[in-house]
Amino acid sequence: MFKKLFVILFVIIISGVVSGLVPNQILIIANEDIPESISIAEYYCDKRHVPRENILKLKLGKKLSDTIKRDAYNELLAKPIRQRVDRQKITTPIRCLLTVYGVPYKVGSRGLMPGQQENLKKLTLFANDKCKQLKDVFGELETLSKADSQTKGVFDLPSSLKLLKKMKARFQDVLKDVIAIDDEGKKQAALNEWLIAYGKVNGKGLAFKRGEEMAGVYRPLTTDEKLIAQLSYSFFNRVKKENWDYTRKLKEGFYERLDFSAGINGVLLRIDADISNIKGVETNASVDSELSMVMFDRYPLYRWQKNELKDRIFIENAKTLMVSRLDGPTALIARGLIDKAIAAEANGLKGKAYIDTGYSLVKTNGSYATYDKFLSKAKDVIAASGRMEVKVEDTAKLFAKGTCPETALYCGWYSLKKYVDAFDFVDGAVGYHIASLEAVDLRNAESSQWVPSMLFDGITVTLGAVAEPYLSAFPKPDHFFRSLLKGKTVVEAYYGTNPYNSWQMLLIGDPLYRPFSPKSRLAL
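Quantities reported herein were computed from a predicted structural model and do not represent experimental measurements.

Procedures and definitions
- Residues numbered from 1 in each chain as written.
- Predicted model: local features only at pLDDT ≥ 70, side-chain atom pairs only at ≥ 80, totals over all residues.
- Heavy atoms only, no water.
- Core = buried A, V, L, I, M, F, W, Y, C linked by side-chain atoms within 4.5 Å.
- Buried < 20%, exposed > 50% of the residue type's maximum accessible area, 1.4 Å probe, protein only.
- Helix = DSSP H or I, 4+ residues; strand = E, 2+ residues; numbered from the N terminus.
- Contact = heavy atoms within 4.5 Å.
- Pairing = 2+ DSSP bridges.
- Axes fitted to C-alpha atoms, helices over the stretch in contact; angles between N-to-C directions.
- Expected span 1.5 Å × (residues − 1).
- Bend = angle between axes of the 7 residues up to and from the residue.
- pLDDT = per-residue confidence, 0-100.
- Parallel < 35°, antiparallel > 145°, perpendicular 65-115°, else oblique.
- Nonpolar A, V, L, I, M, F, W, Y, C, P; charged D, E, K, R; others polar.
- Phe/Tyr/Trp six-rings, centres within 6.5 Å; stacked < 30°, edge-to-face > 60°.
- Lys NZ or Arg CZ within 6 Å of the ring centre and 35° of its normal.

In this section: the nonpolar core. Ile28, Tyr44, Leu77, Ile81, Leu409, Phe423 and Phe481 are the most contacted members of the largest nonpolar core, which totals 110 residues. Per element, the largest residue contribution to this core is seven residues, and it comes from helix H12 (residues 331-347). Discounting residues that sit within four places of it in the chain, Phe481 has contacts with Ala378, Ile382, Leu409, Tyr410, Cys411, Val430 and Tyr432. Listed in part, the 43 residues of the second largest apolar core include Leu134, Leu175, Leu268 and Ile271.

Have a look at this one:
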C-alpha cells in the first residue's frame, strides 16, 4: 500500500515539474513602435492572466520587418531580454518567452569572424592539399576498375565534397571489379590496394575493419598504430572538452591527426564546416530559436546547438528558455490564436487526426523511410489514446483538396512551398508540414508556404522553418503528439521534442495552450 502511494505521489510531483508552466513565468516581447504588437501583448495578458509588467516593450522599428541584422539582434533584442530575465531570477524566474506580431522572426548571419583571416587562409591551403590527395586516390581506384568513374575535372573543396558523397558507391563498384578477378594472387593484391585507398579516404580504422570483414585480407594494426589510435581518441576528447579555437587547432596538428582516424573524407568535411563557420555561412537563424539560448554564454553560431530541454524531466537548472510566437499573415490572425486556444480548452479539442505518410515511396533515401516510420508511429500514438479518429494517407500522394473535414491534428509531408487546402481546421487545431522552407514568408497572406497558409485557414498551433533546417531539425511526430496527449502545453511539448536551438525552426501558438487534459498521461 505504501509503495503504491509513493508511486502516485512521485507521478504527481513529476507531472508538476514537467507541465508546470504558469502565466507569470512568461515574458512577452513586443515591438513598442507598432501599436498592433502592443495590443496583442496586452490582450494575451488579459486573457491568460499574465501580469502586464511581464510585457517587455522594445523599440524595433515602425516598419513591420521580417529580419533583424545580427548586430541589432544582439543590442536591441538579446541584451534587454537577458537583463530582464536576470532581474527576475530570484522573484519569479522566467521560463518562457512569447514573441508577438511586430517582432522580427529571422536573424541574419554573423558575417566573417573577426581576426580569422590568417586561419582562413591556412585552412584553405590545407583543404587544397587534401583535394589533391583525393585526386590521387581516384587515380589509384581507376587502375583497379573497368568502369569509367567520370571524375575528371577540377578538384576544389566544393566539387570534392560533392564527389565524396558518391565515394561509397564508387568504392563498392570498384570492389566488385576486384572480386571478379580470376587469378587469386592478383585478386588478393588488388584487394589490398583497394583497402589502402579506402583507408586514405575513410581513415585507417575503417579500412582495418573492412579488411577483417573480408577474411583478413588487410594486415592488422601494428603496435605503433594502435598507440596512435588511442592517443588520437584522447586528443580529440581533449579538443572538444577544452573547445579549442582555430589557431590552436592549426598549431597543434588537429587536422593532421584527424586524417589518421577519419581520412580525407573526415578532414575535408571538418575543414568545410570550419571555413563556413569563419565566413559566417549558416549562422542565420529564426529569432525565436536564437532567443532560446539568450542566457547562455558565448556559443558557436554555425548551424545548430543541441536542445538542452529535449527529453529532459527536471528543468529547474536549465539555461534554455522556451519560446513561442503569436504571429501570422495579419495581426488579426495572430490575435485570434489566443481566442481559438482558449475556446478549445473550454470545450475540449474535438475532431479528427490526419497523418500523411508515404514520401519515402518517392524519395528512397534511408532517412526518408525512417521519418515515414515516425509518422506511422504518430498515427498509432493518437489512435491508442482513444481521443479521436485517425485518417491516414499512406501513398505517394498528399491529402487532396477538401478531403480533411474537422481537422484537429495534422502532420505530413512533402509539398515544398505548395500548400494543399485539404483541411477544415477546428478551433485549437495543431499540426505541421515537414518541408524545408514553410515559414520563410510568415506574414505574407498570398504565400503558398504551409505555415502562413495554415494560419490563414485557421490552424491554432503550427511550426516551421525560416531557412533550410534539414530533416533532423523537426520534432519526431510520434514524440511531439504523445507529449500533447499526455497533457503538456504546446511550448513544453515542442521543447521536449525539438532537437536543436540556435537554428531555423519556430513555434507559432499560445505557449499556455494545453489541447488535452492530463488525465490520460500514464496510459501513454
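We are not done yet, so read on.
A separate point is the sheet that holds strand S11 (residues 404-412). Taken in spatial order, the four strands of this open sheet run S10-S9-S11-S12, and their pairing is parallel. Here the strands that pair on one side only, and so sit at the sheet edges, are strand S10 (389-393) and strand S12 (423-433). Between one strand axis and the next, the sheet turns by 25 degrees as a mean value, whatever way the strands run. Direction of pairing for S11 relative to S12: parallel, over a ladder of six bridges. Note on S12: the bridge partner recorded for Tyr410 is Gly431.

The terminal C-alpha atoms of helix H10 (residues 254-279), which comprises 26 residues, lie only 20 Å apart, well short of the 38 Å expected from a rise of 1.5 Å per residue. Considering bend angle alone, the principal kink of H10 is centred on Ala262 and spans about 130 degrees.

Turning our attention to the confidence of the model for the protein chain. With 91% of its residues at a pLDDT of 70 or more, the protein chain has an overall mean of 89. Low pLDDT, under 50, characterises residues 4-19; the predicted model gives this stretch 18 contacts beyond four residues in sequence or across chains.

A few words now on the packing of helix H6 (residues 184-202) against H10. Relative to each other, H6 and H10 sit at 85 degrees, their axes nearing to 4 Å. Taken together, H6 and H10 sit at an angle that is classed as roughly perpendicular. Taken together, the residues of H10 that come into contact with H6 (itself represented by Gly199, Lys200, Val201 and Asn202) are Asp259, Ser261, Ala262, Gly263, Ile264, Asn265 and Gly266. Residues that form the contact of H6 with H10 fall into these classes: three nonpolar, six polar and two charged.

Here we take up the environment of Leu58. Within the secondary structure layout, Leu58 lies in strand S2 (residues 55-58). Its relative accessible area of 7% is what places Leu58 among the buried residues. Separated by 256 residues in sequence, Leu58 and Phe314 have C-alpha atoms that sit 32 Å apart. Once residues within four sequence positions are removed from consideration, Leu58 is found in contact with Ile29, Ala30, Asn31, Glu32, Asp33, Leu76, Leu77 and Pro80.

Taking burial as the measure, the five residues of strand S8 (residues 322-326) include five buried ones, the bulk of the element. The two faces of S8 match: Met322, Ser324 and Leu326 on one face and Val323 and Arg325 on the other face are all buried. Bridge count for strand S4 (residues 96-100) against S8 is five bridges, and the pairing is parallel. Of the residues in S8, the one forming a bridge with Val100 is Leu326.

This part is about the packing of aromatic side chains. On inspection of all chains with the given rule, the structure shows 29 aromatic pairs. Judged by centre distance (5.6 Å) and plane angle (65 degrees), the ring pair of Phe235 and Phe236 falls under edge-to-face. Measuring from ring centre to ring centre gives 5.7 Å for Tyr432 and Phe480, while their planes differ by 80 degrees; the resulting arrangement is edge-to-face. Of this pair, Tyr432 sits in strand S12 while Phe480 is found in helix H15 (residues 477-485), placing the two residues 48 residues apart along the sequence. For Tyr432, a relative accessible area of 1% corresponds to the buried category. Aromatic rings pair up to connect Phe126, Phe235, Phe236, Trp244, Phe254 and Tyr255 into one cluster. Against the face of Phe235 rests Arg257, its NZ or CZ located 4.0 Å from the ring centre. Positioned over the ring face of Tyr43 is Arg335, at 3.8 Å from the centre of the ring.

Below, the discussion takes up the sheet that holds strand S6 (residues 285-286). Strand order in the open sheet formed by three strands is S3-S5-S6, and the pairing between neighbours is mixed. Both outer strands of the open sheet, strand S3 (67-68) and S6, are each paired with one neighbouring strand and no more. As paired strands, S3 and strand S5 (residues 106-107) are joined by two bridges and run parallel to one another. Note that in S5 the partner of Thr67 across the bridge is Lys106.

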